[in-house]
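# Chains, contacts and geometry: an overview
This is what each chain is made of:
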Amino acid sequence: MFKKILIANRGEIALRIQRACKEMGIETVVVHSTADSDSMPVFMADESVCIGPPKSKDSYLNMHAILSAATITGADAIHPGIGFLAENAAFAEMVEEHGFTFIGPSAEHLRVMGDKITAKQAMITAGIPVVPGSEGSLSSAEEALKVAAEIGYPVLVKATGGGGGKGMKVANSADELTEAFDMARSEAQAHFGNPEVYLEKYLAHPRHIEIQILGDQHGNCIHLGERDCSLQRRHQKVLEEAPSPALSAKDREFIGTLAVEAAKKIGYYSAGTFEFLWEDGKFYFIEMNTRLQVEHPVSELISGIDLVQQQIRVAASEALTIRQQDIVFKGHAIECRINAEHPETFFPSPGKITQYHPPGGPGVRVDSAVFADYTVPSHYDSLIAKLIVYADTRAECIARAKRALDEYGISGIHTNIPLHQRLLDAQGVVDGSYDIHWLEKFVGGTQD
Ligand code: ADP
């Protein structure tokens, strides 16, 4: 097992990884930008190294600075966390070339699954159903029009290298498609440095259902059930739950087994997530995330498995000791992503937290790195905490989430806590009937 792990990330996820390391008796090094010098991960780590100024490209994305920090501190392995370099194949390769272990899948898996077109092709080969669409990337608007005429409108133009809901444009007609094609390409170029786009049928009322898998380097793979992440704004997740209120035990078994088979066919190891849209009882693969997910705690709570510790173990070449038949899914879990943003305008709200009181009590977990007097920097994403609640039944879990949100005291900045409170009272959430478009209509006021 590793003696020292360098964590190349910040905020709650850096702290989450440290917690796993500490419980395993592994020392931690945290790298940080000057904007994060006074942050909880830095205070809690055994060692910390400042790697640059606030801008991500000069610090959290500075591969050479991170590798130098690993060298001078004598780390054995690097955990990239979520975002930043977590899905960067070149970084994973550099880490290994310098004699450290990359805590994640192989660079080859990052490369193939990180490109949505090669990922879809790999899944088709592995026998997984995908959303109908173009076979590869589209070279022109004319080609897009041709494919759209075949699959029928509405269609979605998506960035090959996309993520975070960026570079995605809906077109309801041929007229709209030409413009959507150009817009998606320029957004893709701006965000991902790659203008390539492809086309998919735009599904009218699907749910977003994803399967958490965990594989080792010895050919073993298990799944930890599904998460329902249909409550989204601008294609970004807001509240997630496990299990999905919509799936039957048979659906779960079917899609879980399919995901494990696909992972085995491509020889995948580490934690990973297969994302599907589910409509009219059918699953359609959309992408695979080759890393830990923000919403991983809901799976941890219903399965009793510490995903980060497992991820570290399999990176150290240990064989999985948990077999599929050992996993008993129990209870219900909900995660509310608490963002520093205005609950109605959604404008980011960085700044100083003047008072802070996190909720507690039975079944409440808060993954966060903020505290009273902490200043939320404006340079990074707005997620400041994850409130994860667990209870025996879904109804009890909703009641508990509402109770915990009522207890949550954060002053000095705006947060979306009021939005979560409204959501948990809304009929579509209470009865579990929501789909991926529901929340947008809800915040737009056209749905109760
Ligand atoms: P990203 O990598 O940017 O997160 P995804 O492919 O995972 O992009 O899609 C994000 C979200 O966008 C999905 O959860 C879903 O809500 C929506 N979406 C993606 N593809 C489709 C589609 N073909 N039809 C309808 N909605 C879609």
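What you are looking at is a predicted structure, and each value in this text was computed from that prediction instead of being measured. (Residues numbered from 1 in each chain as written. Predicted model: local features only at pLDDT ≥ 70, side-chain atom pairs only at ≥ 80, totals over all residues. Heavy atoms only, no water.)

### Some points on the site of the ligand
Taken together, the neighbourhood of the ligand is formed by 22 residues, with Lys116, Gly165, His208, Gln232 and Glu287 sitting nearest. In this structure, Gly165 approaches the ligand through a main-chain N or O atom, which is 2.6 Å from an oxygen atom. Taking His235, its side chain carries an N or O atom lying 3.2 Å from an oxygen atom of the ligand. Computed on the free molecule, the ligand has an accessible area of 550 Å², of which 96% lies beneath the protein chains in the complex. When contributions to the shell around the ligand are tallied by element, the ones reaching two or more residues are β6 (155–159), β8 (197–201), β12 (270–279) and β13 (282–289). Class assignment for the residues of the shell around the ligand results in 8 nonpolar, 7 polar and 7 charged. (Near = heavy atom within 4 Å. Polar contact = N/O pair within 3.5 Å; in protein donor to acceptor, adjacent residues only side chain to side chain. Areas by Shrake-Rupley, 256 points an atom, 1.4 Å probe, with all protein chains shown as cover. Helix = DSSP H or I, 4+ residues; strand = E, 2+ residues; numbered from the N terminus. Nonpolar A, V, L, I, M, F, W, Y, C, P; charged D, E, K, R; others polar.)

### Some remarks on the sheet that holds β8
Strand pairing in a sheet takes place through backbone hydrogen bonds and is either antiparallel or parallel in direction. Here we have 3 strands laid out as an open sheet, ordered β7-β6-β8, and antiparallel in their pairing. Both outer strands of the open sheet, β7 (168–171) and β8, are each paired with one neighbouring strand and no more. Taking the axes of each pair of neighbouring strands and ignoring which way they run, one obtains an average angle of 25° across the sheet. Bridge count between β6 and β8: 5 bridges; the pairing is antiparallel. Looking across to β8, one finds that Val155 is bridged to Lys201. Sitting on the sheet, helix α7 (residues 141–151) touches β6 and β8, and the angle it makes with β8 is about 15°. (Pairing = 2+ DSSP bridges. Axes fitted to C-alpha atoms, helices over the stretch in contact; angles between N-to-C directions. Contact = heavy atoms within 4.5 Å.)

### A short note on the nonpolar core
Residues Ile338, Leu387, Tyr408, Ile410, Leu423 and Trp438 are the most contacted members of the largest nonpolar core, which totals 38 residues. Of all the secondary structure elements, the ones that give two or more residues to this core are β11 (236–242), β14 (332–339), β17 (364–368), β19 (383–391), α12 (394–407), α13 (417–423) and α15 (438–443). Setting aside anything within four residues of it in sequence, one finds Tyr408 in contact with Ile338, Tyr356, His357, Pro358, Pro359, Val366, Ala385, Leu387 and Ile417. Residues Val30, Ile305, Val308 and Ile312 belong to the second largest nonpolar core, which totals 31 residues. (Core = buried A, V, L, I, M, F, W, Y, C linked by side-chain atoms within 4.5 Å. Buried < 20%, exposed > 50% of the residue type's maximum accessible area, 1.4 Å probe, protein only.)

### Focus on the domain arrangement of the protein
Note: interface size is frequently given as the accessible area lost on complex formation between the parts. When its domains are assigned, the protein resolves into domain 1 (4–103), domain 2 (132–201) and domain 3 (207–443). With centres defined by C-alpha atoms, the gap from domain 1 to domain 3 works out at 23 Å. Contacts between the two partners involve 36 residues from domain 1, matched on the other side by 28 residues from domain 3. In this assembly, domain 1 packs against domain 3 so that about 2,300 Å² is buried in total across both faces, 61% of it on carbon and sulfur atoms. Sorting the residues of domain 1 by area buried against domain 3 places Glu12, Arg16 and Met24 first, and these three jointly supply 28% of that buried surface. If you look at where domain 1 meets domain 3, you find 4 salt bridges. Among the ionic pairs, Arg16 bridges to Asp306, the shortest N-O distance being 2.9 Å. At the boundary of domain 1 with domain 3, the tally comes to 9 residue pairs in polar contact (both at pLDDT 80 or more). By residue number, the principal contributor to the side of domain 1 that touches domain 3 is helix α1 (residues 11–23), which donates 10 residues. Grouping the constituent residues of the side of domain 1 that touches domain 3 by class yields 19 nonpolar, 9 polar and 8 charged. (Domains from an automatic or database assignment. Buried area = accessible area lost by both parts, 1.4 Å probe. Salt bridge = Lys/Arg side-chain N within 4 Å of Asp/Glu carboxyl O.)

### Things to note about the sheet that holds β17
Overall, antiparallel pairing links the 8 strands, which are arranged β13-β12-β9-β10-β11-β14-β19-β17 in an open sheet. If you trace the sheet from one side to the other, it starts and ends with β13 and β17, each paired once. Neighbouring strand axes in the sheet, compared pairwise and without regard to direction, differ in orientation by 25° on average. Two strands pair when backbone bridges link them, and strand β9 (residues 207–215) and β12 are joined in this way by 9 bridges, in the antiparallel orientation. Within β12, the residue paired with Gly215 across the bridge is Ser270. The sheet contacts of α1 involve β17 and β19, and relative to β17 the element is tilted by about 115°.

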